[in-house]
Amino acid sequence: MFGRKRGIKEGDYAFSSKQDGDYKNIIFGIVTGVDGSKIGISGLIVNPIGLKNKVSQGKAGPRSEEILKSPTPENCIFAFIYRTEHENFNDVIDLDSGRITPISEKAYSVLDGWIRESLPELINNVLSLPDGAEKDEAKRTLKRRMETLYDKNLKQNLYSVCRSLKILV
């Protein structure tokens, strides 16, 4: 309240969301321009379709619904565990009707890496298959992909999520 509030400026990394029915899609990217309350963002918009399906089928708890209704840079990774759809986002968000959260370059790299490296699909393959040879192969494929990641932060984040899901034991 008494601290100096740093405004968002061109070149900053930003996180936002956009209403899509009952839930929100996730937006992250680089600020391309600022004009009063209007902020231009160039990045990705991600539809966490897999988690939306789990919630609609009653197979997910209240935490999942909270993530879909109020995504944050910290909790959205849990929406990326299941299948996602994404596309480029180059649009303006009006601060009078939406919220933008500044994020670090490190956070942006992790979010961007999850989507660009197709990690949701790889993890979803492991989680959705019954125990057996097919699931073991999906685990090996995920492990090989993890070993080829260059971004240290993305690799640490992915290992942490996989350990918590008991995928890599």
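About the cut-offs
Residues numbered from 1 in each chain as written. Predicted model: local features only at pLDDT ≥ 70, side-chain atom pairs only at ≥ 80, totals over all residues. Heavy atoms only, no water. Axes fitted to C-alpha atoms, helices over the stretch in contact; angles between N-to-C directions. Helix = DSSP H or I, 4+ residues; strand = E, 2+ residues; numbered from the N terminus. Left-handed = near helix turned anticlockwise from the far one by under 90°. Contact = heavy atoms within 4.5 Å. Expected span 1.5 Å × (residues − 1). Buried < 20%, exposed > 50% of the residue type's maximum accessible area, 1.4 Å probe, protein only.

(A) Local environment of the packing of helix α3 (residues 105–116) against helix α6 (residues 152–164). Following both chains from N to C, one finds α3 and α6 inclined at 65°, their axes separated by 9 Å at the closest point. Of the two possible hands of crossing, α3 and α6 adopt the one that is right-handed. Contact with α3, carried on its side by K106, V110, G113 and W114, involves N153, L154, N157, L158 and V161 of α6 and no other residues of that element.

(B) Representation of α3 within the structure. If you check α3, its first and last C-alpha atoms are 16 Å apart, about what 12 residues at 1.5 Å a residue would give, namely 16 Å. Listed as buried for α3 are Y108, V110, L111, D112, G113, W114 and I115. Following α3 by one or two positions, S118 has its phi on the positive side, about 60°.

(C) Representation of the environment of N53. Assignment of secondary structure puts N53 in helix α1 (residues 49–56). N53 gets classed as partly exposed once you look at its relative accessible area, which sits at 33%. The spacing of N53 and D131 is 78 residues in sequence and 22 Å in space, taken between C-alpha atoms.

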